[in-house]
Amino acid sequence: MFLETSPSSLRIRLEVGAAAATAIPLPGASRDWTPDQVTIEGNKNTAEPGKLYRDAQGLLGVEIPEGTHQVVCEGPLPQKSTVQIPLPLKPHRIETSLHGWSLSGVNKEGVPEDALQLHREESSTTETTSTNNLPATSLSPLLKVEREIVVGLKWEILTTVQRLSP
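The following paragraphs examine the structure supplied in this document.

### A closer look at the sheet that holds strand 3 (residues 22-25)
If you walk across this open sheet you meet the three strands as 3-7-6, and the pairing is antiparallel. Of all the strands in the sheet, just strand 3 and strand 6 (52-54) have a single pairing partner and so form its edges. Neighbour to neighbour, the strand axes of the sheet diverge by 30 degrees on average, direction disregarded.

### Side note on a nonpolar patch on the surface
A contiguous nonpolar patch, built from L142, L143, V145 and V161 and spanning about 390 Å² of accessible area, is present on the exposed surface. With respect to the secondary-structure elements, V145 resides in strand 13 (residues 143-150).

### Here we look at the pairing of strand 9 (residues 82-86)
Among the five residues in strand 9, four count as buried, and that is most of the element. As judged from the five bridges shared by strand 9 and strand 12 (residues 112-120), these two strands associate in the antiparallel manner. Paired with T82 across the two strands is H119, which belongs to strand 12.

### Focus: the pattern of salt bridges
Opposite charge on two side chains makes pairing possible when the charged atoms of those side chains draw close. All told, the structure shown has six salt bridges when counted by the stated rule. In this structure, K90 and D114 form a salt bridge, with 3.9 Å as the shortest nitrogen-oxygen distance. Here K90, found in the loop between strand 9 and strand 10 (95-97), pairs with D114, found in strand 12; they are 24 residues apart in sequence, far enough to count as distant. A relative accessible area of 44% means that K90 is categorised as partly exposed. The shortest N-O distance in the salt bridge between K144 and E146 comes to 3.2 Å. You can call K144 partly exposed: its relative accessible area is 36%. Each of E4, R11 and E74 takes part in salt bridges that share partners, so that together they form one network.

Conventions and cut-offs
In this convention, every chain numbers its residues from 1, walking through the sequence in written order. Predicted model: local features are reported for residues with pLDDT of at least 70 only, side-chain atom pairs are reported and counted for 80 or more only, and whole-chain, interface and lining totals are derived from all residues. To get the side-chain values, take all heavy atoms of the structure and skip hydrogens and water. The pairing criterion is simple: DSSP has to find at least two bridges between the two strands. Only DSSP runs of H or I covering at least 4 residues are called helices, and only runs of E covering at least 2 are called strands; the numbering of each starts at the N terminus. Only the stretch in contact is used when fitting a helix axis, every axis being a line fitted to C-alpha atoms; angles between N-to-C directions are given from 0 to 180 degrees. Every patch collects residues that have over 30% relative accessible area and no salt bridge, joining them within 9 Å if they carry like charges and within 5 Å if they are nonpolar side chains (Val, Leu, Ile, Met, Phe, Trp, Tyr). Note on areas: Shrake-Rupley, 1.4 Å probe, and residue coverage restricted to the protein chains presented here. What makes a salt bridge here is a side-chain nitrogen of Lys or Arg within 4 Å of a carboxyl oxygen of Asp or Glu, nothing more. The buried label goes to any residue with under 20% of its type's maximum accessible area, the exposed label to any with over 50%, and the partly exposed label to all in between, with areas taken from a 1.4 Å probe on protein chains only.

Any link to function would need more than the numbers given here.
In structure tokens form, the structure reads like this:
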């Protein structure tokens, strides 16, 4: 995976190898960032029905034919100080070219965690709140807590806590 930012946009290039025709989930597709253009080998797939899909969890995906392909996802970055990019299909390695942003969620060897976070550098942030002139910030969720109540002869409460932040 190669991740490239400018102060206002994000471009992610994936090298995908498939032994058979399959579908893969794409990075992003969260409330922070969703690509507005997806191409395979330079051909726009947004115009071809059935190539792009969104699953029940809201993840964006694309159909990939057999072989090795370059998938490129591009889109504008929101005017936030932090942007979270989930990686539903974690790549083996990430390389970056960052302009106006710093990145967390990748170790020194380029191995990513389950999500990446882009942090806008101070010189390129212009957003302020109108009431108190403090920088506007967006806090992304840290945890997701799910509770399931099982009512039967023996009542049970099952709690699952999942970390969402890196």
